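Descriptive analysis of the structure
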Amino acid sequence: MKVLMVGSGGREHVMAWKIAQSPLLTKLFVAPGNAGIAQIAECPSIPADDLPALLDFAKKEKIGLTVVGPEAPLVAGIVDEFQKEGLAIFGPSKAAALLEGSKAFAKDQMTKFGIPTAEYEVFSNINEAKHYVIETEMPVVIKADGLAQGKGVMICESSQEAVAALTRIMAEGIFAHAGNKVVVEKKLEGEELSVLAISDGEKIIPLATAQDHKRAYDHDRGPNTGGMGAYSPCPFVSDEKTAEIVDRVIRPMVRGMAREGLSYRGVLYAGVMLTKTGPYVLEYNCRFGDPEAQAILPRLKSDLLPVLSQVAEGSLSQESLEWHEKACISIVLASGGYPGFYHKGYVIHGIEKFQDQQEMVIFHAGTALNTSGHFITSGGRVLAVTALGENLKGAHDKAYSAINQIHFEGGFYRRDIGGRALEVLR
Ligand code: AMP
Ligand code: GLY
C-alpha cells in the first residue's frame, strides 16, 4: 500500500517511523515532512494546509491511504475533500473535528452527553465576558474557542488577570479569529492524563496512556506550549481505572456524536484532569498528541497501518492492540524563546551518534538540512529524544543521558519530564 502522511512534526516522524515498519507498506510519502522524516520517507514539499495540492498529489501517485497528523487540515475539512474523490483517508470529518476546532462546541457536546467537565460559560461579547469574570469566583481558565496551537488557554488567579486575558484575546486579537469567542471555566486541580483511542465511529480501541508536560519550564512554570515531553504508561492510573475513564469520556462522546450523524473516525484524544472527585475532560483533540505519540507508538507491538486503513474504510475488524511492557519517554529539545519568538538555522551537534540505536530514537520536529548537509533548527520544538526501558526509570535515564549530548545554540529542555511519576513509582 502507498501511504501519504500529512504533517511535519515529531508526531508525524514517529507515525511515519511506525508505518515504515509495516509489511503492507510499499511506499511512504510525508508532506511536507522534515529533515529527519526525509531519512525514512519521500517528502514532497506540499504544506499540510494546501488541501488542493495534497489532493492532486494523492490522485497522481495513486495513494492507497492518506494519514493526517495535525489538527488544522482536519478542522479545514481535508477528510471530506478526499472522500468526495473516493480516496481513503484516516481522520475525522470536518464536522466531527469541530470537537477540537471549537472548545465551545466540545463543552456543549460534553454537557449533552453527560461527560464530566469543568463548569463553564461561553461568550462572544467582550463586555459580557468581563462582567462575568468580575462577578464570578476565581480562579478561572479562559480559552480561545478556536485553534491556537495549544497556546490559547490562560489560567487566571484574579479578576484583574481575567479581564486582561479577555482584552488580549477578544480585543487585541492575539489568537486572531480563534478568539472571537471564549470559554470561561472553573480551574481544576489534579494530575493530567492523556487518554487516546482509535474509533471507526462505532468500535473503540483504547491506546496506552501517557502524560504530557505542557508548561515550558521545570515544575510546571512558564507559558503553555504544545508539549515539552511525555511518557507512557502513566502510573497514576491502573489498567482498570483507565478502562473506566475510557467508558466515562471516550465512549459516550463517540456514541453521542454517532447519534447526531457525526460518525467519529480517527483518533479521539481526551485531555483529562484526575481530580479528587474523579476524571474531568479539559479538552478533546481530533488527532494523536504531540509529544504523546512519540511516547506511545514506540510501545505498540501491533502493526499500525492495517488499523488506520480499517478506520479509513469505516470498519475496524481488530478488537485490540498489543503493547510492549516497556516504558517510553520522549523529551523535547526546543529553541530558546519557544513558545514565543525564537531564531532558526542553528547547527545541531551530537545527533549523529544516536542513529541506528536500539530503543533510543530521535524524532525530528523543527529540523532542516543546511547546504553542507548538517541538521539545523527550523522550528520551536526541534527534537523529541525518545527512549524505551524496562521501566520508566530506565527509559528516563537513557533519554536524559542522550539529550545531554545534543546541543544547539539557545536550545533548552525540561529536566523533570516524568519526575512526579518516578516519585509515585518509588
Ligand atoms: P487545553 O488546551 O484546553 O487542554 O488546555 C491546555 C492546558 O491548560 C491543559 O493541559 C491544562 O494544563 C490547562 N487547563 C485547561 N483547562 C483547565 C482547567 N479547567 N483547570 C486547570 N487547568 C486547565
Ligand atoms: N500534547 C498536547 C497536544 O498534542 O495537544
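Preceding this section is the structure that the text describes.
What comes next is a walk through the structure. (Residues numbered from 1 in each chain as written. Chains lettered and ligands numbered in written order. Predicted model: local features only at pLDDT ≥ 70, side-chain atom pairs only at ≥ 80, totals over all residues. Heavy atoms only, no water.)

1. Quick word on the overall build of the chain
Of the regular secondary structure elements, the chain holds 13 helices and 21 strands. Principal-axis analysis of the C-alpha atoms gives the chain an extent of 60 × 45 × 45 Å. For the chain, with 426 residues in total, the buried portion stands at 57%. Of the side chains in the chain, 43 bear a positive and 51 a negative charge, and the two mean positions are spaced by 1 Å. (Helix = DSSP H or I, 4+ residues; strand = E, 2+ residues; numbered from the N terminus. Buried < 20%, exposed > 50% of the residue type's maximum accessible area, 1.4 Å probe, protein only. Lys, Arg positive; Asp, Glu negative; His and termini not counted. Charge placed at Lys NZ, Arg CZ, Asp CG, Glu CD.)

2. With respect to the sheet that holds strand β11 (residues 211–212)
Strand order in the open sheet formed by five strands is β11-β14-β17-β21-β18, with antiparallel pairing between adjacent strands. Both outer strands of the open sheet, β11 and β18 (360–364), are each paired with one neighbouring strand and no more. Of the pairings in the sheet, the one linking strand β17 (residues 327–334) to strand β21 (residues 381–389) comprises eight bridges and is antiparallel in character. Looking across to β21, one finds that V332 is bridged to A384. (Pairing = 2+ DSSP bridges.)

3. Re the pattern of salt bridges
Following the criterion strictly, the structure yields 26 salt bridges and no others. Across the pair K214 and E192 runs a salt bridge, and its minimum N-O distance is 3.8 Å. With K214 in the loop between β11 and β12 (215–217) and E192 in strand β9 (residues 191–200), this residue pair connects regions lying 22 residues apart in the sequence. By relative accessible area, E192 is classed as partly exposed at 31%. (Salt bridge = Lys/Arg side-chain N within 4 Å of Asp/Glu carboxyl O.)

4. Re the pairing of strand β6 (residues 140–144)
The buried count for β6 comes to five of five residues, which makes it a mostly enclosed element. Burial of the side chains of β6 extends over both faces: V140, I142 and A144 are buried on one face and V141 and K143 on the other. Examined bridge by bridge, β6 and strand β7 (residues 153–156) share four bridges and lie antiparallel to one another. Bridging across to β7, I142 finds its partner in M154. When β6 meets strand β8 (residues 182–186), the two strands line up antiparallel, connected through five bridges.

5. Considerations on the packing of helix α5 (residues 94–101) against helix α6 (residues 103–112)
Viewed as axis vectors pointing N to C, α5 and α6 meet at an angle of 100°, and their least axial separation amounts to 6 Å. Considering the angle they form, α5 stands roughly perpendicular to α6. Listed contacts from α6 to A95, L98, L99 and G101 of α5 are K103, F105, A106 and Q109. Split by residue class, the contact of α5 with α6 holds five nonpolar, two polar and one charged. (Axes fitted to C-alpha atoms, helices over the stretch in contact; angles between N-to-C directions. Parallel < 35°, antiparallel > 145°, perpendicular 65-115°, else oblique. Contact = heavy atoms within 4.5 Å. Nonpolar A, V, L, I, M, F, W, Y, C, P; charged D, E, K, R; others polar.)

6. Notes on the site of ligand 2
Around ligand 2 sit D212, K214, G226, Y269, N285, R287, G289, D290, P291 and E292, and those are all the residues in its vicinity. Backbone polar atom of D290 to an oxygen atom of ligand 2: 2.9 Å apart, as the coordinates give it. The separation between a nitrogen atom of ligand 2 and a polar side-chain atom of E292 is 2.8 Å. Within the shell around ligand 2, the residues separate by chemical class into two nonpolar, three polar and five charged. (Near = heavy atom within 4 Å. Polar contact = N/O pair within 3.5 Å; in protein donor to acceptor, adjacent residues only side chain to side chain.)

7. Looking at the nonpolar core
With 78 residues, the main nonpolar core has I78, L99, V249, I250, M253 and Y284 as its most contacted residues. Broken down by element, the residue count for this core peaks at seven residues, all from helix α9 (residues 239–259). Counting residues in hydrophobic clusters, the runner-up holds 38 residues, among them V14, I19, L28 and V67. (Core = buried A, V, L, I, M, F, W, Y, C linked by side-chain atoms within 4.5 Å.)

8. A word on the site of ligand 1
Close to ligand 1 lie 15 residues; E185, L188, E192, K214 and E283 are nearest. In the model, a nitrogen atom of ligand 1 is placed 2.8 Å from a nitrogen or oxygen of the L188 main chain. Burial of ligand 1 by the protein amounts to 95% of the accessible area it has alone, namely 470 Å². Among the residues making up the shell around ligand 1, the classes are represented as six nonpolar, one polar and eight charged. (Areas by Shrake-Rupley, 256 points an atom, 1.4 Å probe, with all protein chains shown as cover.)

9. Comments concerning the sheet that holds strand β4 (residues 89–90)
Strand pairing in a sheet relies on backbone hydrogen bonds, with the paired strands running either antiparallel or parallel. Sheet architecture is open: four strands sit in the order β2-β1-β3-β4, paired in parallel fashion. Of all strands in the sheet, those with a lone pairing partner are β2 (27–32) and β4, marking the two edges. Two strands pair when backbone bridges link them, and strand β3 (residues 65–68) and β4 are joined in this way by two bridges, in the parallel orientation. Paired with T66 across the bridge in β4 is I89. In the packing of helix α2 (residues 51–60) onto the sheet, contacts are made with β1 (2–7), β2 and β3, and the angle to β1 comes to roughly 170°. Across the sheet, helix α11 (residues 304–313) is in contact with β1, β3 and β4; its angle to β3 comes to roughly 95°.

10. With respect to α2
Note that an α-helix has 3.6 residues per turn; residues three or four places apart therefore point the same way. Within α2 the residues assigned to the buried category are L51, L54, L55, F57 and A58. Buried residues in α2, looked at end-on, bunch into an arc of 160°, giving them a common side. More than 90 degrees from the buried face of α2, the exposed residues found are P52 and K60. Where α2 is buried, its residues meet β1, β2, β3, α3 (71–75) and α4 (78–84). Residue K62 follows α2 closely and has a positive phi angle near 50°. (Arc of directions from axis to C-beta.)

11. Observations concerning the pairing of β1
Sheet faces and side chains relate simply in a regular strand, where the side chains alternate between the two faces. Burial of β1 is extensive: five of the six residues sit out of reach of the surface. Here β1 pairs with β2 via six bridges, running parallel. Bridged to K2 within β2 is K27. Following the backbone out of β1, through helix α1 (residues 10–19) and into the adjacent parallel β2, one traces a crossover that is right-handed. For β1 and β3, the ladder comprises four bridges, and the chain directions are parallel. (Right-handed = clockwise from strand over helix to strand, strands pointing away.)

It is worth stressing that arrangement in space is one thing and function is another; only the former is reported here.
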